[in-house]
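# What the coordinates show
One letter stands for each residue in the lines below.
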Amino acid sequence: MQNPSILAAEFYIKKGVIFLSYFLGITLWIFLSGCGYVIEGSNPVLPNEAKTIALLPIQNQTFKAGLETDLSEQLNLLLRSNSSVKITPAGIADLQINITLLSLKTDSAGLSKAQISSGVKSIIQGQVFLEDRRTGRIVWEESALEVKLTESDENETNSVSSFSLSGSIRELIKLFAATIYERLFTTF
């Protein structure tokens, strides 16, 4: 028969090992979460295994000032909310996105009577190119990306833009940015 003090020592050693493994596991978890580590799959990843993206200055060929600024702000918000994407300057990014706003039609200018009667408030159209700088190839191209805002979609929103855009135009820009973001991750 073993000495009771030896049995007690073995019991406490086993408890100590279990405690130490839990302690180290929790410490490791806290360390990783504090460093900004995110489990893969919680956010969509960029095409072609890219890690960085650059948003080039948006070109505005419409007659409405401030659209490009508001669109840039909306896209930056969406991209920054995705922890698997890092926004970097154009010279060092894996991918770069180039956007040109081509036309803006509103209920006061440019929409047909049929569009207005069907509830369309505004339409924006643009070109989007996504270039992989590592290969020099165009990964994604939409020469006529169009987004419509209808009466049911309209929602007064706040924007951090310093330009005075109407609520419906801001909502249209927000929808346009969301469409670009969605297609950026789902087209491939």
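So, how was this worked out
Residues numbered from 1 in each chain as written. Predicted model: local features only at pLDDT ≥ 70, side-chain atom pairs only at ≥ 80, totals over all residues. Heavy atoms only, no water. Helix = DSSP H or I, 4+ residues; strand = E, 2+ residues; numbered from the N terminus. Buried < 20%, exposed > 50% of the residue type's maximum accessible area, 1.4 Å probe, protein only. Contact = heavy atoms within 4.5 Å. Areas by Shrake-Rupley, 256 points an atom, 1.4 Å probe, with all protein chains shown as cover. Salt bridge = Lys/Arg side-chain N within 4 Å of Asp/Glu carboxyl O. Axes fitted to C-alpha atoms, helices over the stretch in contact; angles between N-to-C directions. Parallel < 35°, antiparallel > 145°, perpendicular 65-115°, else oblique. Left-handed = near helix turned anticlockwise from the far one by under 90°. Nonpolar A, V, L, I, M, F, W, Y, C, P; charged D, E, K, R; others polar. Expected span 1.5 Å × (residues − 1). Core = buried A, V, L, I, M, F, W, Y, C linked by side-chain atoms within 4.5 Å. pLDDT = per-residue confidence, 0-100.

### Quick word on the overall build of the chain
When you go through the chain residue by residue, the secondary structure sums to four helices and six strands. For the chain, buried positions account for 34% of its 188 residues. By sequence separation, contacts in the chain at least 24 residues apart represent 72% of the contacts at least 6 residues apart. Accessible surface for the chain amounts to roughly 11,700 Å². Of this, 57% is attributable to carbon and sulfur atoms.

### Considering the pattern of salt bridges
All chains considered together, the criterion is met by two salt bridges. Residue Asp132 pairs with Arg134 through a salt bridge whose shortest N-O separation is 3.0 Å. Its relative accessible area of 2% is what places Asp132 among the buried residues. Of the residues examined, Arg134 reaches a relative accessible area of 43% and is grouped as partly exposed. Two residues, Glu142 and Arg183, come together in a salt bridge whose shortest N-O distance is 2.9 Å. Of this pair, Glu142 sits in strand E6 (residues 137-150) while Arg183 sits in helix H4 (residues 167-186), placing them 41 residues apart in sequence.

### What about the packing of helix H2 (residues 67-80) against H4?
Close contact between H2 and H4 brings their axes to 9 Å; oriented N to C, the two are set at 45°. Between H2 and H4, the crossing angle belongs to the class labelled oblique. Considering only the axes of H2 and H4, their crossing is right-handed. Mapping the contact onto sequence places Leu67, Asp70, Leu71, Gln74, Leu75, Leu78 and Leu79 in H2 and Ile169, Arg170, Ile173, Lys174, Phe176, Ala177, Ala178, Ile180, Tyr181, Leu184 and Phe185 in H4. Taken together, the residues of the contact of H2 with H4 break down into 14 nonpolar, one polar and three charged.

### Quick look at unusual backbone geometry
If you check the backbone angles, Asn48 has positive phi at about 60° while not being a glycine. Relative to the helices and strands, Asn48 is located in the loop between helix H1 (4-34) and strand E1 (52-55). Phi is positive for Glu49, which is not a glycine, with a value near 55°. Among the secondary structure elements, Glu49 is positioned in the loop between H1 and E1. For Glu49, a relative accessible area of 71% gives the class exposed.

### Focus on H2
The end-to-end C-alpha separation of H2 is 20 Å, in line with the 20 Å expected for 14 residues at 1.5 Å each. Buried residues along H2 sit in contact with E1, strand E2 (59-60), strand E3 (86-87), strand E4 (95-106), strand E5 (120-132) and H4.

### Considerations on the nonpolar core
Nonpolar side chains tend toward joint burial in soluble globular proteins. By size, the foremost hydrophobic cluster in this structure holds 29 residues, and its most contacted members are Ile53, Leu71, Ile99, Phe176 and Ile180. In terms of residues, this core owes the most to one element, H4, which gives nine residues.

### Observations concerning the confidence of the model for the chain
Chain-level pLDDT for the chain is 81 on average; 80% of the residues reach the 70-or-more range. No element of the chain has a lower mean pLDDT than helix H3 (residues 113-117), which averages 72, and none a higher one than E2, which averages 96. The low-confidence segment residues 154-164 (pLDDT under 50) makes 22 contacts with residues lying over four places distant or belonging to another chain.

### Details of the environment of Val85
Structurally, Val85 is set in the loop between H2 and E3. Remark: the alpha-carbon pair of Val85 and Ile53, spanning 32 residues in sequence, is separated by 7.2 Å. The residues touching Val85, leaving out its near neighbours within four places in the chain, are Pro44, Leu46, Lys51, Ile53, Leu79 and Phe185.

### A word on H4
Its 20 residues give H4 an end-to-end C-alpha distance of 28 Å, which sits within 8% of 28 Å, the value for a rise of 1.5 Å per residue. Counting buried positions along H4 yields 14 of 20 residues, so the element is predominantly enclosed.

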